[in-house]
Amino acid sequence: MQFRSGFEKGFSNYLKDLGVEYTYEGKSIEYVAKPKKYKPDFYLIDQDIYIETKGYFDQKDRVKHLLIKEQHPTLDIRFIFMDSSLRISRLSSTTYAKWCRKYNFLFADKFLPDEWLKEKRK
């Protein structure tokens, strides 16, 4: 079994010594992050579109945007990246662009696409 820390491994051995049956990370518990406020970088009034500009798109931001999308599905939040071909981490082959496509977020690099400006409020 692979543990995340020496403390967890030691506690596992302790439970074994006591004869306690257990599983390690065998269950998942869903939760909603505590209420927070999100301030989008820009709001395009005529188009009713929120724009989030990102140079670096870390895991905390990705999780936040998935929660916002889940809890406010009618909001149109889009990303403008400095470079959407960057990977979400050194160990991942997923780029910012792939992540956006997977979770149905519209995105562009550096500038607003003309077609976004031509959209009318829904």
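Refer to the structure printed above.
The next subject is the pattern of salt bridges. According to the stated counting rule, one finds six salt bridges in the structure shown. In this structure, the salt-bridge partner of Lys54 is Glu52, at a minimum N-O distance of 3.6 Å. As a salt-bridge pair, Asp61 and Lys64 come within 3.3 Å of each other at their nearest N and O atoms. Remark: Lys64 and Asp61 occur in helix α2 (residues 59-71); sequence separation between them is three residues, near one turn of the helix. Asp61 gets classed as buried once you look at its relative accessible area, which sits at 13%. Counted as one network, the salt bridges with shared partners bring together Glu52, Lys54, Asp61 and Lys64.

By the element assignment, Lys102 lies in helix α3 (residues 96-102). Overall, the relative accessible area of 61% leaves Lys102 in the exposed class. Separated by 84 residues in the primary sequence, Lys102 and Leu18 place their C-alpha atoms 46 Å from one another.

The subject of this paragraph is the pairing of strand β2 (residues 49-54). Across three bridges, the pairing between strand β1 (residues 42-44) and β2 is antiparallel. Paired with Tyr43 across the strands is Tyr50, a residue of β2. The antiparallel hairpin formed by β1 and β2 contains four residues in its connecting segment, where Asp48 sits at a positive phi of about 60°. Relative to strand β3 (residues 77-81), β2 runs parallel, the two sharing five bridges. Bridging from a neighbouring strand, Tyr50 pairs with Ile77 of β3. Read as a crossover between parallel neighbours, the route from β2 over α2 to β3 is right-handed.

This paragraph deals with the packing of aromatic side chains. Enumeration over the complete set of coordinates arrives at 14 aromatic pairs. Plain terms: the ring middles of Phe81 and Tyr96 are 5.2 Å apart, the flat faces sit at 40° to each other, and that makes the pair tilted. Highlighted residues: Phe81 in strand β3 and Tyr96 in helix α3, separated in sequence by 15 residues. With relative accessibility at 1%, the residue Phe81 sits in the buried group. With a centroid separation of 5.0 Å and an interplanar angle of 50°, the aromatic rings of Trp99 and Tyr103 are classed as tilted. Among the aromatic residues, those joined into a cluster by ring pairs are Phe57, Phe79, Phe81, Tyr96, Trp99, Tyr103, Phe105 and Phe107. Above the ring of Phe105, the side-chain terminus of Lys69 is found at 4.1 Å from the ring centroid. The positively charged end of Arg78 is found above the aromatic ring belonging to Trp116, 4.9 Å away from the centroid.

Rules behind the numbers
- Residues numbered from 1 in each chain as written.
- Predicted model: local features only at pLDDT ≥ 70, side-chain atom pairs only at ≥ 80, totals over all residues.
- Heavy atoms only, no water.
- Salt bridge = Lys/Arg side-chain N within 4 Å of Asp/Glu carboxyl O.
- Helix = DSSP H or I, 4+ residues; strand = E, 2+ residues; numbered from the N terminus.
- Buried < 20%, exposed > 50% of the residue type's maximum accessible area, 1.4 Å probe, protein only.
- Pairing = 2+ DSSP bridges.
- Right-handed = clockwise from strand over helix to strand, strands pointing away.
- Phe/Tyr/Trp six-rings, centres within 6.5 Å; stacked < 30°, edge-to-face > 60°.
- Lys NZ or Arg CZ within 6 Å of the ring centre and 35° of its normal.

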